[in-house]
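Coordinates in review
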Amino acid sequence: MASALRFTSPVLRASFNASATIPLRAAAYNGLRTYSTAKTKSLKDTFADNLPGEIEKIKKLRKEAGNKVVGEVTLDQVYGGARGIKALVWEGSVLDSEEGIRFRGKTIPECQKLLPKAAGGEEPLPEGLFWLLLTGEVPSEQQVRDLSTEWAARSDLPKFIEELIDRCPPDLHPMSQFSLAVTALEHESSFSKAYAKGMPKTQYWEHTFEDSMDLIAKLPGIASKIYRNVFKDGKVAPVQKDKDYGYNLASMLGFANNSDFVELMRLYLTIHSDHEGGNVSAHTTHLVGSALSSPMLSLAAGLNGLAGPLHGLANQEVLNWLLKMKKAIGDDLSDEAIKDYLWSTLKSGQVVPGYGHAVLRKTDPRYVSQREFAQKHLPDDPMFKLVSQVYKIAPGVLTEHGKTKNPYPNVDAHSGVLLQYYGLTEQSFYTVLFGVSRALGVLPQLIIDRAVGAPIERPKSFSTEAWAKLTGVSL
């Protein structure tokens, strides 16, 4: 029998009609203190209490500067994939070309220092970053532990999802299986069911929140089921309700006995989560969600974008390239050997995978955090030494080549080497891990979009002839 949550805070009473109750899954909330009168305020109540102030900020900004022109659009930007056009609102992170990513104003090193960690651990828990992205606040250790508990409580997969994954052919790409399973979770969507019955717009965010929490909780189980089916024996370890999100993902994949791999998962999930709103997976999730598609359908669309070789599939391509280099040069990691291989790659018409970025003009801070992890945990690994040599030589070669605006490595240049070191060598699965992490970044914005009443996205388009006319060019 479903339990009910009655919001009791004054802000919620004023904003969302406190006389109504919202049905919730009893299993998800059994034993959890979710009321605003609890000793430790929950994530949902924290977000709700902050919401009126955030809405007022947006109203004030639009009232005072709604007609102000911000930036200019060039024809090259229009035909270059809208690169750099200022046209999206994304609260969670801002990417600066020289400084790198900041999550709610905080750099990756600051997040590593400030966000709560597991007992005995050194890397930030992804639960803490999710809280930060949604609320703009650094959570307490107790709030993060409560969120870990809640996600674990919501993690059970519906039987039909398990059967759906089991019926997938083993040679169907893991990302296709992942997207398929997330789409099928639409059957469980609180938002879709409430919308079909009719609900006021002020409640959109509440059901988007519930769906997002359910989705995030279930993603490790879905990902692990796919991994164990395709590459192992099909058996998935149960979720440990007293453990954190990164631990449970590592455990269900089959790596719980390696504490360093558990730490890597915590770091990986944190740094891969969010990278502004303009990347394909983030923008697609936002775009589809703007049509009031459920978080399940919206995230599935974003995952399909992440699966592309120019986006999330890049980490797989980097490792393939590195392995081919290792086979070609053997143990010769001299500057000349690396330089020669780099030039042979470029002269063959290929790019150096893992180098360059659409926005960044410096080494990706996400690369740096992974490099520091490797220096601490696997300094003598031959593949890490190769990556380090490429990092030393590649920027100079790419600068001399002259066709790369950013000759420095991005996040994909390192992640595959770390995963294969610990035995997760199945490269076609790497993007699924990226997808689990990316959900932690895109779903907070989806909740915010519904909370502040963001409209459906509908930019204006023109034909080439019309653009020519607008710019005074005779074709």
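Cut-offs and rules
- Residues numbered from 1 in each chain as written.
- Predicted model: local features only at pLDDT ≥ 70, side-chain atom pairs only at ≥ 80, totals over all residues.
- Heavy atoms only, no water.
- Helix = DSSP H or I, 4+ residues; strand = E, 2+ residues; numbered from the N terminus.
- Rg over C-alpha atoms; globule rule 2.2 N^0.38 Å.
- Buried < 20%, exposed > 50% of the residue type's maximum accessible area, 1.4 Å probe, protein only.
- Areas by Shrake-Rupley, 256 points an atom, 1.4 Å probe, with all protein chains shown as cover.
- Lys, Arg positive; Asp, Glu negative; His and termini not counted.
- Charge placed at Lys NZ, Arg CZ, Asp CG, Glu CD.
- Core = buried A, V, L, I, M, F, W, Y, C linked by side-chain atoms within 4.5 Å.
- Contact = heavy atoms within 4.5 Å.
- Pairing = 2+ DSSP bridges.
- Salt bridge = Lys/Arg side-chain N within 4 Å of Asp/Glu carboxyl O.
- UniProt positions renumbered as here; feature names shortened; annotations may be inferred.
- Polar contact = N/O pair within 3.5 Å; in protein donor to acceptor, adjacent residues only side chain to side chain.

Some words on the overall build of the protein chain
Per the secondary structure count, the protein chain includes 22 helices and four strands. Computed over its C-alpha atoms, the radius of gyration of the protein chain comes to 23 Å, within 12% of the 23 Å expected for a compact globule of 475 residues. Principal-axis analysis of the C-alpha atoms gives the protein chain an extent of 75 × 65 × 45 Å. For the protein chain, buried positions account for 51% of its 475 residues. If you sum the accessible surface of the protein chain, you get close to 21900 Å²; carbon and sulfur atoms cover 53% of it. Here the protein chain contributes 54 positively and 53 negatively charged side chains, and the mean placements of these two sets differ by 4 Å.

Digging into the nonpolar core
Core analysis: the biggest nonpolar cluster contains 105 residues, and Phe178 and Leu424 have the highest contact counts within it. A per-element tally of this core places helix α21 (residues 430-452) first, with 13 residues. Not counting residues up to four positions away in its chain, the partners in contact with Leu424 are Tyr227, Leu253, Phe255, Phe261, Leu419, Phe429, Tyr430 and Leu433.

Considering the pairing of strand β3 (residues 93-96)
The side-chain alternation of β3 yields one buried face, formed by Ser93 and Leu95, and one unburied face, formed by Val94 and Asp96. Both β3 and strand β4 (residues 100-103) contribute to a ladder of four bridges, which runs antiparallel. Across the sheet, Ser93 pairs through a bridge with Phe103, a residue of β4. Between the antiparallel neighbours β3 and β4 lie three residues.

Thoughts on the pattern of salt bridges
Inspection of every chain in the model, using the stated rule, returns 21 salt bridges. Across the pair Lys57 and Glu54 runs a salt bridge whose closest N-O atoms are separated by 3.2 Å. Of this pair, Lys57 and Glu54 both sit in helix α3 (residues 43-65), three residues apart, roughly one helical turn. Its relative accessible area of 31% is what places Glu54 among the partly exposed residues. For Asp233, the salt bridge goes to Arg228, with nearest N and O atoms at 2.9 Å. You can call Arg228 buried: its relative accessible area is 14%. Residues joined in a network through salt bridges with shared partners are Lys44, Glu150, Arg154, Glu210 and Asp214.

Observations regarding the UniProt feature "active site" (unreviewed entry) in the protein chain
Per the UniProt record, "active site" (unreviewed entry) is annotated on His311, His357 and Asp412. Across 102 residues of sequence, these annotated residues stay compact in space, with a maximum C-alpha separation of 10.6 Å. Position of His311 relative to the elements: it lies in the loop between α15 (295-306) and α16 (314-329). Leaving out residues up to four positions away in the same chain, His311 has contacts with Asn279, Val280, Ser281, Gly305, Leu306, Asp412 and Arg438. Engagement of the side chain of His311 in a polar contact is seen with the side chain of Ser281, the distance being 2.9 Å. Looking at where His357 falls in the secondary structure, it is placed in the loop between α17 (335-347) and α18 (365-377). Judged by its relative accessible area of 21%, His357 falls in the partly exposed class. In this view, His357 contacts Leu95, His275, Arg366, Asn406 and Asn410; residues no more than four positions away in its chain are not counted.

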